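Per-entry structural report
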Amino acid sequence: MGIISSISETIERYGGIVNIETNGKRLSSKGFVEPLRYKNKIYIGGEYHRLGFRRTEKYLFVGQSDVDLCENESVIETQGNKYIVKRCEKYFVKDIPIYVWAILVPFGSGLEDDYESN
């Protein structure tokens, strides 16, 4: 079993059902959604804030490579929760897409990215 089929089969076998909506198109697929911890904030440009003053929840999504996501447009729904995609990329090995990953925030939440002054 190669890396390509191994990752795809793992996501299909162990991933939860996710519904993805982008520009009015709905797609059902499998994937993982998990909270990002503080140690991961270095990768997403986060800052530490005093507890209770700003909602800064972020989540990581890993899904099948055939899923197309758009930043600030795609909405992922799973287990009764809705998230909007803030950052996303496909991971490739030898020009073959292996999986897609995204940084998510709860749908409708204003987070630090939305308030940064440039």
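See the structure printed just above.
Residues numbered from 1 in each chain as written. Predicted model: local features only at pLDDT ≥ 70, side-chain atom pairs only at ≥ 80, totals over all residues. Heavy atoms only, no water.

Taken as a whole and judged by the stated rule, the model has 2 salt bridges. Here E21 and R26 are joined by a salt bridge, their closest N and O atoms 3.3 Å apart. Here D68 and K90 are joined by a salt bridge, their closest N and O atoms 3.0 Å apart. With D68 in the loop between β3 (59–64) and β4 (75–78) and K90 in strand β5 (residues 81–93), this residue pair connects regions lying 22 residues apart in the sequence. (Salt bridge = Lys/Arg side-chain N within 4 Å of Asp/Glu carboxyl O. Helix = DSSP H or I, 4+ residues; strand = E, 2+ residues; numbered from the N terminus.)

Now for the pairing of β5. With 4 bridges connecting them, β4 and β5 associate as antiparallel partners. Bridging from a neighbouring strand, T78 pairs with N81 of β5. Where β4 folds back onto β5 in an antiparallel hairpin, the turn is made up of 2 residues, including Q79, whose phi is positive at roughly 50°. Relative to strand β6 (residues 96–106), β5 runs antiparallel, the two being bridged by 10 bridges. Residue pairing in the sheet places I84 in a bridge with V105 of β6. Counting the residues between successive antiparallel strands, the hairpin from β5 to β6 contains 2 residues, one of them, K94, with a positive phi of roughly 50°. (Pairing = 2+ DSSP bridges.)

This part covers the side chain of S29. With respect to the helices and strands, S29 occurs in strand β2 (residues 25–35). Not counting chain neighbours up to four residues away, the residues in contact with S29 comprise G16, I17, V18, Q64 and V67. (Contact = heavy atoms within 4.5 Å.)

With that settled, the discussion passes to the pairing of β3. Inspection of the sheet shows β2 paired to β3 by 5 bridges, in the antiparallel sense. In the sheet register, V33 faces β3, and the bridge partner there is F61. Bridge count between β3 and β6: 6 bridges; the pairing is antiparallel. Across the sheet, residue Y59 finds its bridge partner in β6, namely L104.

A separate point is the sheet that holds β2. Strand pairing in a sheet relies on backbone hydrogen bonds. The paired strands run either parallel or antiparallel. Spatially, the 6 strands close up into a barrel ordered β1-β2-β3-β6-β5-β4, and their pairing is antiparallel. Adjacent strand axes in the sheet meet at a mean angle of 45°, parallel and antiparallel pairs treated alike. Relative to β2, strand β1 (residues 16–22) is paired through 7 bridges, and the arrangement is antiparallel. Of the residues in β2, the one forming a bridge with G16 is G31. (Axes fitted to C-alpha atoms, helices over the stretch in contact; angles between N-to-C directions.)

A few words on the environment of E9. Summarising the element assignment, E9 is placed in helix α1 (residues 3–14). Taking the relative accessible area as the measure of exposure, E9 reaches 43% and is therefore partly exposed. (Buried < 20%, exposed > 50% of the residue type's maximum accessible area, 1.4 Å probe, protein only.)

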